[in-house]
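# Survey of secondary and tertiary structure
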Amino acid sequence: MIDLHTHSSASDGTLAPETLLAAAARRGLRAVALTDHDTMAGVPEFLAAGAGSDTIPVPGVEVACSWYGGSLHLLGLFVDHQNSELQALLGEIREARERRNQKILRRLAEQGVALSPASLRAESQAGDGGVIGRPHFARALIRFRHCTDRNQAFAQYLGRQGSAYVRRFLPLPKIAVETIHRAGGVAILAHPFGGGGRVAPAAVRQKLQKLAGLGLDGVEAYYCDANPGQERQVLQWVEEFSLVASGGSDFHGDNAPGIELGRGAGRLAVPDALLDDLRGRAEGWRKPAVPLRA
Ligand code: AMP
Ligand code: ZN
Ligand code: FE
Ligand code: FE
């Protein structure tokens, strides 16, 4: 079993990268990828923890991109976390996130919900360095009794229909795909049927067709909330568009209750064999270290 989509405390997961790797090893996973939102700050600790382990640590990142007025999520797997172009793109996204967080705080305050930047930051286990997102807002809203649970926090304030919702800068998929390639990684469409798994199959197919034209490498055929029919469908599109299948749980620790490492909501089982296909595809994007001469 492998799990190629997880979050640590460097973004909105609750386990430290090292603890996440240890938990994957305890579960007997052959490989686990760390794919925090917009940051690779957890990767050095994660790789170091994996060095002495039977579980292969795969460096990764998850980037939300704009898509016809909405968004989609791309994973970069096997990316070099020190690549300067990738770091520049992630830095730009994180700055935009900071500005958005300030605006959300202001909009909440206008509605009589006072949260301090410090109380928001306190919800991140990573302290000062962690990427702050809406899940941290949800935790703070619950802690200070403005909301009873996550669902209410998103429905009332943070979700797209919520009263404190603020859009943030999202890069174009083409830019994200090319940047991931230049960092030596593969670009994977995460949760193709959307967060709730309800996007219509025809729309998913069209999305994959367009993204394949932009250089997408693969797609998450296996995901925590995908049903067997959706899995089969995605595997057909993988063939049709010459993509590689990937899969993961989207584990967030306590920030996504009921989702387990490697197992997702219970029936997830990502085949080990995918790892070599993905790694092979990533190697295809690596330029030779020494330019070839005629
Ligand atoms: P952000 O990256 O700050 O825009 O926050 C996005 C994250 O919030 C996602 O990765 C989910 O974990 C979480 N999220 C988004 N929408 C919802 C929702 N309606 N209910 C619960 N969690 C959500
Ligand atoms: Zn998340
Ligand atoms: Fe996602
Ligand atoms: Fe995710």
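Presented here is an overview of the structure given in this document. (Residues numbered from 1 in each chain as written. Chains lettered and ligands numbered in written order. Predicted model: local features only at pLDDT ≥ 70, side-chain atom pairs only at ≥ 80, totals over all residues. Heavy atoms only, no water.)

### Focus: the sheet that holds strand 7 (residues 244–248)
Backbone-to-backbone hydrogen bonds join strands into a sheet, with any given pair of strands oriented parallel or antiparallel. Spatial strand order, 1-2-3-4-5-6-7: seven strands in an open sheet with mixed pairing. Two strands bound the open sheet, and with one partner strand each, they are strand 1 (2–3) and strand 7. (Pairing = 2+ DSSP bridges. Helix = DSSP H or I, 4+ residues; strand = E, 2+ residues; numbered from the N terminus.)

### A word on the coordination of the iron ion (ligand 4)
Those protein atoms acting as donors to the iron ion (ligand 4) are H5 (NE2), H7 (NE2), E62 (OE) and D250 (OD), and they sit at 2.1 to 2.2 Å. Considering all four donor atoms around the iron ion (ligand 4), the spread of angles at the metal, 79 to 166°, places the coordination shape in the irregular class. Sequence spacing of the donor residues for the iron ion (ligand 4), all on one chain, is H-x1-H-x54-E-x187-D. A separation of 4.6 Å is found between the iron ion (ligand 4) and the zinc ion (ligand 2). (Donors = N, O, S within 2.8 Å, 3.2 Å for Na, K, Ca; no water. Tetrahedral: all angles 85-135°; square planar, octahedral: opposite > 155°, others 65-115°.)

### What about the nonpolar core?
Membership of the largest hydrophobic core comes to 61 residues, with the highest contact counts inside it found for L77, L208 and L278. Here the element with the most residues in this core is strand 3 (residues 56–67); it accounts for five residues. Within the second largest apolar cluster, 17 residues are counted, among which are L105, C147, A153 and L158. (Core = buried A, V, L, I, M, F, W, Y, C linked by side-chain atoms within 4.5 Å. Buried < 20%, exposed > 50% of the residue type's maximum accessible area, 1.4 Å probe, protein only.)

### Looking at helix 10 (residues 274–285)
Side chains that are three or four residues apart share a direction in an α-helix, a result of its 3.6 residues per turn. Taking 1.5 Å per residue as the helical rise, helix 10 with its twelve residues ought to reach 16 Å, and the 17 Å between its terminal C-alpha atoms agrees with that figure. Taken as a whole, helix 10 has its buried residues at L274, L275, L278 and A282. Projected onto a plane normal to the axis of helix 10, the buried residues spread over an arc of 100° and lie on a single side. (Expected span 1.5 Å × (residues − 1). Arc of directions from axis to C-beta.)

### Description of the coordination of the iron ion (ligand 3)
Of the protein atoms, only E62 (OE), H73 (ND1) and H191 (NE2) coordinate the iron ion (ligand 3), at distances of 2.0 to 2.3 Å. Between the iron ion (ligand 3) and the iron ion (ligand 4) the interatomic distance comes to 3.4 Å, and E62 is a ligand of both metals. Here H73 is found in strand 4 (residues 70–77), whereas its partner H191 is found in the loop between strand 5 (186–189) and helix 8 (201–213), with 118 residues between them in sequence. The exposure class assigned to H73 is partly exposed, which follows from its relative accessible area of 23%.

### Overview of the site of ligand 1
In the vicinity of ligand 1, the residues found are H37, R97, R100, G133, R134, P135, R150, F154, R168 and H252. R97 is positioned with one of its side-chain polar atoms (N or O) 2.8 Å from an oxygen atom of ligand 1. In the model, a nitrogen atom of ligand 1 is placed 3.1 Å from a nitrogen or oxygen of the R150 side chain. Protein burial of ligand 1: of its 500 Å² of free accessible surface, 70% is covered by the chains. Elements with a minimum of two residues in the shell around ligand 1: helix 3 (84–110), helix 5 (134–143) and helix 6 (150–158). (Near = heavy atom within 4 Å. Polar contact = N/O pair within 3.5 Å; in protein donor to acceptor, adjacent residues only side chain to side chain. Areas by Shrake-Rupley, 256 points an atom, 1.4 Å probe, with all protein chains shown as cover.)

### Structural notes on the pairing of strand 4
Counting buried positions along strand 4 gives six out of eight residues, so the element sits mostly inside the fold. Where strand 3 meets strand 4, eight bridges bridge the pair, whose relative direction is antiparallel. Note on strand 4: the bridge partner recorded for S66 is S71. Hairpin connection of strand 3 to strand 4: two residues between the antiparallel strands, including Y68 at a positive phi of 50°. In terms of strand pairing, strand 4 meets strand 5 through four bridges, oriented antiparallel.

### Observations regarding unusual backbone geometry
Even without glycine at this site, Y68 takes up a positive phi of about 50°. Since its relative accessible area comes to 66%, Y68 is described here as exposed. Despite not being glycine, D250 has its phi angle at roughly 60°, a positive value. Looking at where D250 falls in the secondary structure, it is placed in the loop between strand 7 and helix 10.

### Points about the environment of F137
Secondary-structure assignment places F137 in helix 5. For the pair F137 and V113, spaced 24 residues apart in sequence, the C-alpha separation works out to 11 Å. Excluding its chain neighbours within four sequence positions, the residues that come into contact with F137 are N101, I104, L105, L108, L115, L120 and L158. (Contact = heavy atoms within 4.5 Å.)

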